[in-house]
Amino acid sequence: MIDALPLTAIPPEDEALRDDVKRFLVEALADIPAEVRAHSWTGFDAAFSRRLGEQGWLGITLPPAYGGGGRSAFARFVLVEELLAAGAPVSAHWIADRQSAPLILKYGTEAQKRQHVPPICRGESFFCIGMSEPGSGSDLASVRTRATRMDGGWKLSGQKIWTTNAYRSHFMIALVRTSGTAEDRHAGLSQFIIDLSLPGITIRPIEDLTGDRHFCEVFFDDVALADDALIGAEGEGWAQVTAELAFERSGPERLYSSIVLLDAWVEWLRSQTPGDTESLRLLGRLCSHLAVLRALSVSITGKLSRGESPVVEAALVKDMGTEIEQLTATLITDMLGRHPDVSPPPALERMVNYVTQISPSFSLRGGTREILRSMIARGLGLR
Amino acid sequence: MSESTDDLFADSVERLLRDQCTPAVVRAIEAGGDPASLWNALSEAGFCDALVPEEHDGAGLGLAEALPMFVACGRYAMPLPLAQTAMVRGYLARAGVPLPDGPIAIAPAATVASNGAVSCHHVPGALVAHWVLAAVGNEHWLLPVADALRTSTGIHGSLAADLSWPTVPASTLKTSAPFDALAAGALVSAAQSSGTMARIFDLTLAHANRRVQFGKPIGKFQAIQHQISVMAEHVAAARMAVELAASGLGFDPDPLRVAIAKGRIGEAIPTVAAIAHAVHGAIGITAEFDLQLYTRRLHEWRRAYGSEAYWYERVGRARLASDATLTVDFLRSATAARPTTGTAS
Ligand SMILES: Cc1cc2nc3c(=O)[nH]c(=O)nc-3n(C[C@H](O)[C@H](O)[C@H](O)COP(=O)(O)OP(=O)(O)OC[C@H]3O[C@@H](n4cnc5c(N)ncnc54)[C@H](O)[C@@H]3O)c2cc1C
């Protein structure tokens, strides 16, 4: 498995996209300060997402017949890398673009594809992920939210939590139980596309420790769902959600959560008299890790573009990537504190504090560090 | 060179090392045994001239194509400076210097005292090399090791040593053709480390599946699984780091790419070695068990030709000196596909 990640070059036709994206971002982000951009892919701006849609940059790998760009996984890598490097506010469309639309195209009916994918590609329809529940975090198969068959559809009851952007999304794709009990584990689970404007749904944002509101509690109180809310096959939810998580984990967003902070620190170092070798060493360390992680990530993109599903490799890169994202914040803090008599700009201080405080989430969202390491171990033949 | 010839080369290296560079042979040479038979097999196979241009009767490979040989040297705990010899012969041939016989080591640095005495500190493979290449001012000297005072800097079994000569020996070859000997040494040590780590990983995985405690293989315990997963991450990163460092078709190592690789791998080494030993338990620190052949080399390679403290600082300086506003742009230009440099002279 370890030998199976060859050095891979991004093809020139996909690399060619980069300059267009850069030019667009210089103009589109001109008024957004670095401090705001440091929120990386959790920054929400619906108008910005629509502008990306107008550029043809949402659903860039999806078939043109459904409004997508029909381009390769490498084109998406280039686009996403530039968006993250610039700290563009991509959160509104992020989940729909990265995992909901590919999921719908893979498992949906023709009608579901026609209904959902084109508005996603226009940046008009935002999605959230309803997996976690109060009693089901890492142990996702234990979900209790239940959909029961009734005339002409389903009745949904239960609760989701940590649902990013639920209060500002149009739809949720939820994993729920349709038969059996939590003890049946992987059997009896199904996925639904839930219109969040339906009666019986209550959504409450949860404030995080930095004062931001992104994730939510979502309550379903006998919500009536139409037949066509079911996506894929009844009882196949576990296999589908596993495929969905593979989309979630394989992109470059797992390296760059702290990159805006890193660049702000570089700018600060440049303004200082040179010679702080400890800072230079840390800068070199972070750059070296990122260079290697980026090459690994491009290699995984190569596998995706060949139609492979490099699940274990993606877990490996995500685990290393989140560790470096977290170290970036804590070690830059240490370097800024090396000279108590020197005062960096307040905006840089706020930025490093923000990233430090939020960085525990980097190795929770999308599967915790421990869960990823267990997946890798299984991939290696342990267990 | 097409992909299939590439594979043929890698396969022939693999086959020869598997047969000739066994743990028993490694131990014998480390104990002071005669390395001539292994060395003759390597040179007869043409491996020493892998990087020598075809017009000088070499295989004419570039760094990227020779990389599998360097990595294989690490995997088989090669006790002779084969990779260094191949690098130096590639350089000397391009510089028009007649190629000497025998293994060649690379000195990380050299000092020439006012009384004419020459010394080189911590040279890997010094105890089995015939020659050592050292940068002196703007020149490169090929010094005869037989004339040197050798002081071991390694532990039991190590072949590293300090070398010193009271005066410059008469048989020293000198050339002023440019060469980054430190980067070349760093590249071969990083590449061999990556191969050594892969071997250590295989040993550790096998041990975890075989050793039984509390009625089950220790690989069933989550604490062990997670440590081995972390090791797998470092091994994968190390391999990619050296692929990046050697990428392109040319011969001259790119110092920034080498810096990234040597730094990243240097950082990984203590973790990989520590996990391997932790998982193996007491058996792992015996002389008889093979693990020590590999972990000992890792620690030596980490120290040689600059540790991560040195190379990371160089990467940091390069980042700060670059025009790029975005680190991502710096990373892209640092690792972009390089054009063929062919046979630089
Ligand atoms: C910013 C953010 C956004 C999120 N967005 C969403 C979203 O949009 N939709 C959604 O569904 N969820 C979302 N989540 C939830 C996320 O998926 C969960 O936090 C994650 O799966 C872990 O679950 P938990 O928080 O309940 O922790 P727990 O599962 O309770 O884990 C707590 C600790 O126990 C460890 N642990 C658990 N099981 C094991 C085991 N078998 N072996 C070893 N250690 C174990 C974990 O690794 C962790 O260290 C989000 C989380 C965050 C932080």
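Residues numbered from 1 in each chain as written. Chains lettered and ligands numbered in written order. Predicted model: local features only at pLDDT ≥ 70, side-chain atom pairs only at ≥ 80, totals over all residues. Heavy atoms only, no water.

A.B. asks: Help me understand the sheet that holds strand β5 (residues 139–144) of chain B, please; the structure alone is not making it clear to me.
C.D. replies: Strand-to-strand pairing in sheets goes through backbone hydrogen bonds, with the strands running parallel or antiparallel. Residues and elements named next belong to chain B. One open sheet accounts for 4 strands, arranged β1-β4-β5-β8; its pairing is mixed. The open sheet is flanked by β1 (104–106) and β8 (173–175), the only strands paired with a single partner. Each strand axis lies, on average, 25 degrees off the axis of its neighbour in the sheet, ignoring direction. Helix α5 (residues 82–95) contacts β1, β4 (131–136), β5 and β8 of the sheet and is inclined by roughly 95 degrees relative to β1. (Pairing = 2+ DSSP bridges. Helix = DSSP H or I, 4+ residues; strand = E, 2+ residues; numbered from the N terminus. Axes fitted to C-alpha atoms, helices over the stretch in contact; angles between N-to-C directions. Contact = heavy atoms within 4.5 Å.)

A.B. asks: I tried to follow the domain arrangement of chain B on my own but got confused; where do I start?
C.D. replies: Note on interface size: it is often stated as the accessible area lost on association of the parts. All names here are of chain B. Split by domain assignment, chain B resolves into domain 1 (3–175) and domain 2 (181–335). On the domain 2 side, the residues contacting the 37 residues of domain 1 number 37 residues. Each partner contributes to the roughly 3,000 Å² buried at the junction of domain 1 and domain 2, and carbon and sulfur atoms together form 64% of this total. Among the residues domain 1 hides against domain 2, the three largest losses belong to Arg-27, Leu-63 and Leu-67. Together they make up 19% of the total. At the boundary of domain 1 and domain 2, one finds 3 salt bridges. Here Arg-297 ties to Glu-30 by a salt bridge, and the two come within 2.7 Å at their closest N and O atoms. Where domain 1 touches domain 2, the interface holds 13 residue pairs in polar contact (both at pLDDT 80 or more). (Domains from an automatic or database assignment. Buried area = accessible area lost by both parts, 1.4 Å probe. Salt bridge = Lys/Arg side-chain N within 4 Å of Asp/Glu carboxyl O. Polar contact = N/O pair within 3.5 Å; in protein donor to acceptor, adjacent residues only side chain to side chain.)

A.B. asks: Explain helix α4 (residues 46–54) of chain A to me, please; I cannot follow it from the model alone.
C.D. replies: An α-helical turn contains 3.6 residues, so a residue and the one three or four places further along point in the same direction. Residue and element names in this part refer to chain A. The set of residues buried in α4 consists of Phe-48, Ser-49, Leu-52 and Gly-53. All buried residues of α4 project into a common sector of 150 degrees when viewed along the axis, lining one side. Where the residues of α4 are buried, they touch α2 (17–28), α5 (73–86), α6 (91–107) and α7 (110–121). Gly-56 sits one or two positions beyond α4 and adopts a positive phi of about 80 degrees. (Buried < 20%, exposed > 50% of the residue type's maximum accessible area, 1.4 Å probe, protein only. Arc of directions from axis to C-beta.)

A.B. asks: Help me understand the site of the ligand, please; the structure alone is not making it clear to me.
C.D. replies: As a matter of local geometry, the ligand sits amid 15 residues, with Ser132(A), Ser138(A), Trp162(A), Thr368(A) and Glu370(A) nearest to it. The local environment of the ligand is shared, drawing residues from chains A and B. Here Thr368(A) contributes a side-chain N or O atom positioned 2.7 Å from an oxygen atom of the ligand. When the free accessible area of the ligand is taken as 970 Å², the share hidden by the protein chains comes to 65%. Split by residue class, the shell around the ligand holds 5 nonpolar, 8 polar and 2 charged. Shared between two domains, the shell around the ligand takes at least three residues from each, and those domains are domain 2 (129–236) and domain 3 (250–379) of chain A. (Near = heavy atom within 4 Å. Areas by Shrake-Rupley, 256 points an atom, 1.4 Å probe, with all protein chains shown as cover. Nonpolar A, V, L, I, M, F, W, Y, C, P; charged D, E, K, R; others polar.)

A.B. asks: Hey, could you run me through the nonpolar core in this one?
C.D. replies: The nonpolar side chains of a soluble globular protein tend to be buried, and buried together. Ranked by internal contacts, the top residues of the largest apolar core, which has 178 residues, are Phe48(A), Trp265(A), Leu42(B), Phe70(B) and Met87(B). The element contributing the most residues to this core is helix α6 (residues 181–210) of chain B, with 16 residues. Discounting chain neighbours no more than four positions away, the residues touching Leu42(B) are Leu16(B), Leu17(B), Phe47(B), Cys48(B), Met78(B), Leu80(B) and Leu82(B). Ranked by size, the runner-up nonpolar core spans 24 residues in total, among them Leu62(A), Tyr66(A), Ile95(A) and Leu175(A). (Core = buried A, V, L, I, M, F, W, Y, C linked by side-chain atoms within 4.5 Å.)

A.B. asks: Mind showing me how you'd approach the pairing of strand β3 (residues 153–161) of chain A here?
C.D. replies: Successive side chains on a regular strand alternate, one facing one side of the sheet and the next facing the other. Residues and elements named next belong to chain A. Of the pairings in the sheet, the one linking strand β2 (residues 146–150) to β3 comprises 5 bridges and is antiparallel in character. Bridge pairing in β3 places Arg-146 opposite Ser-157. Between β2 and β3, which pair antiparallel in sequence order, lie 2 residues; one of them, Gly-152, sits at a positive phi of approximately 75 degrees. Pairing between β3 and strand β7 (residues 213–226): 8 bridges, direction antiparallel.

A.B. asks: I tried to follow the side chain of Arg89(B) on my own but got confused; where do I start?
C.D. replies: Residues and elements named next belong to chain B. By secondary structure assignment, the location of Arg-89 is in helix α5. On the basis of relative accessible area, Arg-89 is assigned to the buried category, the value being 11%. The residues contacting Arg-89, other than those within four sequence positions of it, are Cys-48, Asp-49, Val-52, Leu-99, Pro-100 and Ile-104.

A.B. asks: Explain the sheet that holds strand β7 (residues 161–165) of chain B here, please?
C.D. replies: All names here are of chain B. The 4 strands lie next to each other as β2-β3-β7-β6, forming an open sheet whose pairing is antiparallel. Bordering the open sheet on either side are β2 (111–112) and β6 (149–152), each of which pairs with just one other strand. For β6 and β7, the ladder comprises 4 bridges, and the chain directions are antiparallel. The residue of β7 that forms the bridge with Thr-151 is Asp-162.

A.B. asks: I tried to follow the pattern of salt bridges on my own but got confused; where do I start?
C.D. replies: Side chains that differ in charge, positive against negative, can pair when their charged atoms come close. Per the stated rule, a full pass over the model turns up 42 salt bridges over all chains. Asp329(B) is paired through a salt bridge with Lys22(A); the nearest N and O atoms lie 2.8 Å apart. Pair noted here: Asp329(B) is in helix α11 (residues 327–335) and Lys22(A) is in helix α2, and the two residues belong to different chains. Grouping residues by exposure puts Asp329(B) and Lys22(A) together as buried. The shortest N-O distance in the salt bridge between Glu27(A) and Arg51(A) comes to 2.9 Å. One end of the pair, Glu27(A), is in helix α2; the other, Arg51(A), is in helix α4, with 24 residues separating them in the sequence. Given a relative accessible area of 30%, Arg51(A) falls into the partly exposed group. A network of salt bridges, in which partner residues are shared, links Glu15(A), Arg18(A), Lys22(A), Glu81(A), Glu82(A), Arg294(A), Asp329(B) and Arg332(B).

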